[in-house]
Amino acid sequence: MFKHLWESTHSDVQNVTVSGYVYDKDKKAMSGYTLYITNYYYEGGDYDGFGGSKVHQVVSDENGYYELKLDKSAFIQIDSVKEGYTKSLKDKYIYDQSVKIDFYTK
């Protein structure tokens, strides 16, 4: 198990889809909500640190759903900044090609 964890956290996963729903404090879907997803990747380096990153802006649809397709990823960070809401942050190491993260605003 530890070998799998070491390999997963020190290599890029190819063709990753990050998706989920954005909900308000009452658990209602929020449309038109902007998330900033920073994608970190190694790029085949020495794995002492990430080799690069890119910020993507994603907006939830009328059902609160968002989706982002990435060529490669090792770690993502999702930021939320919107007037009237508390800034929120989520992060996750990438182990699989399909990553589901629901986002709850405050």
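Provided above is the structure to which this section pertains.
We now turn to the structure provided with this report. (Residues numbered from 1 in each chain as written. Predicted model: local features only at pLDDT ≥ 70, side-chain atom pairs only at ≥ 80, totals over all residues. Heavy atoms only, no water.)

## A closer look at the overall build of the protein chain
Broken down by element type, the protein chain carries 1 helix and 8 strands. Along the protein chain, helices and strands appear, N-terminal first, in the series α-β-β-β-β-β-β-β-β. Across the 106 residues that make up the protein chain, the buried fraction comes to 41%. A total of about 6,700 Å² of accessible surface is found on the protein chain, and carbon and sulfur atoms cover 47% of it. (Helix = DSSP H or I, 4+ residues; strand = E, 2+ residues; numbered from the N terminus. Buried < 20%, exposed > 50% of the residue type's maximum accessible area, 1.4 Å probe, protein only. Areas by Shrake-Rupley, 256 points an atom, 1.4 Å probe, with all protein chains shown as cover.)

## Quick look at the environment of I94
Positionally, I94 belongs in the loop between β6 (88-93) and β7 (98-100). A sequence separation of 21 residues divides I94 from S73, and the C-alpha atoms of the two residues are 6.5 Å apart.

## Brief notes about the pairing of strand β1 (residues 13-23)
For β1, a buried count of 8 out of 11 residues is recorded, marking the element as mostly surrounded by other parts of the structure. Strand direction decides the pairing type here: β1 and strand β4 (residues 65-73), joined by 8 bridges, are antiparallel. The residue bridging T17 from the neighbouring strand is K69, located in β4. One ladder, built from 3 bridges, connects β1 with β7; its direction is parallel. Each residue of the ladder has a partner; that of S19, found in β7, is K100. Across 2 bridges, β1 lies against strand β8 (residues 103-104) in parallel orientation. Bridge pairing links V22 to F103 in β8. (Pairing = 2+ DSSP bridges.)

## Describing the nonpolar core
In terms of nonpolar packing, the biggest core is built from 18 residues, with Y66, I76 and I78 touching the most fellow members. Breaking this core down by element, the ones donating at least two residues are β1, β2 (34-41), β4 and β5 (75-80). Looking at which element gives the most residues to this core, the answer is β1, with 4 residues. With near-sequence residues (within four places) excluded, Y66 lies in contact with V18, S19, G20, Y21, V22, L35, I37, V58, S60, I78 and I101. (Core = buried A, V, L, I, M, F, W, Y, C linked by side-chain atoms within 4.5 Å. Contact = heavy atoms within 4.5 Å.)

## Topic: the packing of aromatic side chains
Within this structure, the stated rule accounts for 8 aromatic pairs. Ring centres of Y40 and F50 lie 5.4 Å apart, and the angle between their planes is 40°; this geometry places the pair in the tilted category. Of this pair, Y40 sits in strand β2 while F50 sits in the loop between β2 and β3 (52-59), and the two are 10 residues apart along the sequence. When its relative accessible area of 22% is taken as the criterion, Y40 is described as partly exposed. Owing to a relative accessible area of 34%, F50 belongs among the partly exposed residues under this scheme. Members of the aromatic cluster, each reached through a chain of ring pairs, are Y40, Y42, F50, F75 and Y93. Between K72 and the ring centre of Y41, over which it is positioned, the NZ or CZ distance is 5.0 Å. (Phe/Tyr/Trp six-rings, centres within 6.5 Å; stacked < 30°, edge-to-face > 60°. Lys NZ or Arg CZ within 6 Å of the ring centre and 35° of its normal.)

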